[in-house]
Amino acid sequence: MGIGSAALLVSAGVASGLAGSIAGLASLFSYPALLAVGLPPVAANVTNTVALFSNTVGTAAGSRTELRGQRDRLLRLATIAALGGAVGAALLLGTPSSAFEAVVPWLIALGSVLILVRDPLRRLMASRPRPLAHTARPTLPVACAVLLVGLYGGYFGAASGVLMLAVLSLTATEPLPVTNAVKNIATGAANVTAAVAYAAVAPVNWPAAATLGLGALLGSRLGPPAVRRLPETPLRIAIALSGLGLAISLWH
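Computed from a prediction, not measured in an experiment: that's the story for all the values here.

Student: Now, about empty space enclosed by the protein: what can you tell me, with residues and values included?
Tutor: The tally for this structure, following the rule as stated, stands at 3 cavities of 30 Å³ or more. Its volume calculated, the largest cavity comes out at about 270 Å³. Taken together, 24 residues make up the lining of the largest cavity; nearest its centre are Ala26, Asn55, Ser160, Thr187 and Asn191. Of all the elements, helix α11 (residues 176-201) adds the most residues to the lining of the largest cavity, at 6 residues.

Student: Would you mind going over the pattern of salt bridges in detail, with residue names and values included?
Tutor: In total, this model carries 1 salt bridge according to the counting rule given. With its nearest N and O atoms 3.8 Å apart, the salt bridge here joins Arg71 to Asp72.

Student: Give a description of the nonpolar core that names residues and reports values.
Tutor: Ranked by internal contacts, the top residues of the largest apolar core, which has 38 residues, are Leu34, Phe100, Ile108, Phe156 and Tyr198. Excluding its chain neighbours within four sequence positions, the residues that come into contact with Phe156 are Ser27, Tyr31, Asn45, Phe100, Val104, Leu107 and Ile108. Core analysis: the next-biggest nonpolar cluster, separate from the first, contains 18 residues, Leu77, Val146, Val149 and Ala181 among them.

Student: Outline the packing of helix α10 (residues 160-169) against α11, listing residues and values.
Tutor: Relative orientation and spacing of two packed helices are given, respectively, by the angle between their axes and the distance between those axes. Here α10 crosses α11 at 125°, and the two axes come no closer than 9 Å. Relative to α11, the element α10 is oriented oblique. In terms of crossing hand, the pair formed by α10 and α11 is right-handed. On the side of α10, the interface is formed by Ser160, Gly161, Met164, Leu165, Leu168 and Ser169, while α11 contributes Leu176, Thr179, Asn180, Val182, Lys183, Ala186 and Thr187. Tallied by class, the residues present in the contact of α10 with α11 amount to 6 nonpolar, 6 polar and 1 charged.

Cut-offs applied
- Residues numbered from 1 in each chain as written.
- Predicted model: local features only at pLDDT ≥ 70, side-chain atom pairs only at ≥ 80, totals over all residues.
- Heavy atoms only, no water.
- 1 Å grid on protein atoms, 1.4 Å probe; cavity = no way out; pocket = protein on both sides within 12 Å on 5 of 7 lines; lining within 4 Å.
- Points joined across faces, edges and corners; volume = space filled by probe spheres on them.
- Helix = DSSP H or I, 4+ residues; strand = E, 2+ residues; numbered from the N terminus.
- Salt bridge = Lys/Arg side-chain N within 4 Å of Asp/Glu carboxyl O.
- Core = buried A, V, L, I, M, F, W, Y, C linked by side-chain atoms within 4.5 Å.
- Buried < 20%, exposed > 50% of the residue type's maximum accessible area, 1.4 Å probe, protein only.
- Contact = heavy atoms within 4.5 Å.
- Axes fitted to C-alpha atoms, helices over the stretch in contact; angles between N-to-C directions.
- Parallel < 35°, antiparallel > 145°, perpendicular 65-115°, else oblique.
- Left-handed = near helix turned anticlockwise from the far one by under 90°.
- Nonpolar A, V, L, I, M, F, W, Y, C, P; charged D, E, K, R; others polar.

Now the structure itself:
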């Protein structure tokens, strides 16, 4: 790997860590960077999943304040999401690469649109009575939704954080930074499960994964404090538009 490619992956990793911890769109930066340095789509995806393990580590370290008192809830949600991640990894490994290449632009476009319409969705969900988060046990519909988001996260994962945030917002009333921190751990559980499977049997490019992961660790560590302090709307719109641009470019 050349110096230019390494610099690109570190920069993309920082952007991915920030975007993942703030908006749930880490793969919209990391995945195209891996394609840009020459990895084929499936190899880029599995390498991306392994590299973004560091994203979970960084967000957990940066969200200790928000995660205090959430242990039981995190264990329940992480277990369900991890099961979904394992199924998603198996699905990817059993899917022809041509099918994967065809579905990726649609997944990216869906995630980008969800980012753009997130605020109306939150207002809709805020109108419904919800229990306190730390006392709430996931109902069967919520558990199924978390399982499906985990499956998607294990398969590809772009915007899986957005989907998980929407699901968690339906279950309890709490400050956004807390829901965001819980979302990061739940999606991280799905990612870690898939990463273990990919590390064992998939064509992971380890130098690229390590370089990208280093940047993601830094970016994800900075993300949670940013959620507490910075207005997220401009960043969210920029990420969504970037995602739509990427989806369009992959369609051509």
